[in-house]
Amino acid sequence: MYAETRADDLVISCIRELMRRHPELPPERVDDVAIAATTQIGDQGLTIGRSAALLAGLPRSVPGFAIDRMCAGAMTAVTTVASGIAFGAYDVAIAGGVEHMSHHPMGEGLDPNPRIVAEKLVDESALVMGSTAENLHDRFPELTRERADAFAAASQDRVQRAYEAGVIQESLVPVATRSSELGWGLATADEPPRPGTTVDVLAGLRTPFRPHGRVTAGNAAGLNDGATACLVAAESVAEELGLPVAMRLVSYAFAGVEPEVMGVGPIPATEKALDKADLSIDDIGAFEINEAFAVQVLAFLDHFGIEASDPRVNPYGGAIAFGHPLASSGVRLMIQLARSFRDHPEARYGLTTMCIGLGMGGSVVWENPHYLAEAAA
Ligand SMILES: CC(C)(COP(=O)(O)OP(=O)(O)OC[C@H]1O[C@@H](n2cnc3c(N)ncnc32)[C@H](O)[C@@H]1OP(=O)(O)O)[C@@H](O)C(=O)NCCC(=O)NCCS
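Below is a short write-up of the structure. (Residues numbered from 1 in each chain as written. Predicted model: local features only at pLDDT ≥ 70, side-chain atom pairs only at ≥ 80, totals over all residues. Heavy atoms only, no water.)

1. With respect to the packing of helix α3 (residues 73–87) against helix α12 (residues 329–343)
Two measures define how a pair of helices packs: the angle their axes make with one another and the distance between the axes.
Stage number 1. Contact geometry for α3 and α12: axes closest at 5 Å, N-to-C directions at 70 degrees. Looking at the two axes, α3 sits roughly perpendicular to α12. Only Gly330, Val331 and Met334 of α12 make contact with α3, whose side of the interface consists of Ala74, Met75 and Val78.
Stage number 2. Classifying every residue of the contact of α3 with α12 gives five nonpolar, one polar and no charged. (Axes fitted to C-alpha atoms, helices over the stretch in contact; angles between N-to-C directions. Helix = DSSP H or I, 4+ residues; strand = E, 2+ residues; numbered from the N terminus. Parallel < 35°, antiparallel > 145°, perpendicular 65-115°, else oblique. Contact = heavy atoms within 4.5 Å. Nonpolar A, V, L, I, M, F, W, Y, C, P; charged D, E, K, R; others polar.)

2. Points about the site of the ligand
Stage number 1. The full set close to the ligand counts 19 residues, and Met106, Met129, Arg194, Thr197 and Ala221 are the nearest of them.
Stage number 2. Contact distances for the ligand include 2.9 Å between an oxygen atom and a side-chain N or O atom of Arg194.
Stage number 3. About the coverage of the ligand: the protein hides 65% of its 980 Å² of free accessible area.
Stage number 4. When atom positions are compared with the pocket grids, the ligand is found to occupy the second largest pocket.
Stage number 5. Of the residues assigned to the shell around the ligand, the class counts are 14 nonpolar, four polar and one charged. (Near = heavy atom within 4 Å. Polar contact = N/O pair within 3.5 Å; in protein donor to acceptor, adjacent residues only side chain to side chain. Areas by Shrake-Rupley, 256 points an atom, 1.4 Å probe, with all protein chains shown as cover. 1 Å grid on protein atoms, 1.4 Å probe; cavity = no way out; pocket = protein on both sides within 12 Å on 5 of 7 lines; lining within 4 Å. Sits in = over half its atoms within 2 Å of the grid points.)

3. Digging into the environment of Met247
Stage number 1. Looking at where Met247 falls in the secondary structure, it is placed in the loop between α8 (235–241) and β7 (248–256).
Stage number 2. The class for Met247 is buried, based on a relative accessible area of 15%.
Stage number 3. Sequence spacing of Met247 and Trp366 is 119 residues, and the spatial spacing of their C-alpha atoms is 6.2 Å. (Buried < 20%, exposed > 50% of the residue type's maximum accessible area, 1.4 Å probe, protein only.)

Honestly, that's just the spatial picture; any functional story needs more than this.
Here it is, written out as structure tokens:
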């Protein structure tokens, strides 16, 4: 769909649409624009937060910057500007991310220090995300391919149902597309989902990262193109301008783990974030766990004693069906959590969490502004 669309144009469309949907926000009040991309060259280069702000038509007085924490780029953009707000440096900022994985395949232009492998700082498998997912299956043999495939089929099913219920469409930004074969078009829905996926079909797929492995194209997120953007504001400024409040950021944390099993990163990150908020996992009424690989979501759920079928977990599906354009996904998780909050006034707190390459996890704890104690009782 986006083969001939520039990466920066994807995120510019998101910023423009955000400003169009919020005429109550005078553009000159935006204090900064933080846009993440993992590969910051070509159409994702040129300090994309600043160049996208200019191209989106924001006043020249609005600065911007680029950010990178691989899969958690947009999440880090949000926590960074939120920290600026907490410090008093900003009133309101735009945060988001973009990854055009067809223009910029994972690892493009990299020159990893040979010491990383020569000195056995990490095993070679740590640099291939699919291999780290296979390592996770090794470490936790109870996380079988059957469980991974069942989770993947459920994700496809949840996305299909969310689309049918009109949950997804409201947060999408239509993007004009161009194809030298097909001419001009308009992208109005996600392209990757495969409705009707069954565990039987998934069981027959190849395991590209290891012969007789368990990770397949069906139980992993794909290689996708996409972008996201959101507004982060101080509570008093949101009130002053009349900006709608979708979620309140309570705490966040990033944590490092062994790079060979980067998929466990969300576990310590979540423990750290919960600890900072003085909350326990039982306080969380809605979860958005990035589905880089089914096995990594299952490792998280097993650790915290949560069933894969728990209705609080990824109720509108996840990256296995939607795709995972790396640095953009953190804000998609937040958009879906905001929707969960609206639908579930009994949930007071929610969590967005994701694993990150080179052995990290990131977690953000949010509070539901629509929370009703009576609904929870
Ligand atoms: C797993 C991966 C290698 C697969 O890439 P790919 O081979 O190009 O994927 P494809 O879409 O061509 O799918 C492979 C096959 O599985 C099939 N398939 C994929 N999903 C399916 C589904 N849900 N149902 C049925 N078939 C499916 C495809 O139709 C294709 O079949 P074919 O070979 O007969 O054409 C790639 O998606 C990948 O690297 N994912 C991980 C990305 C990543 O690491 N992200 C960072 C996370 S930290």
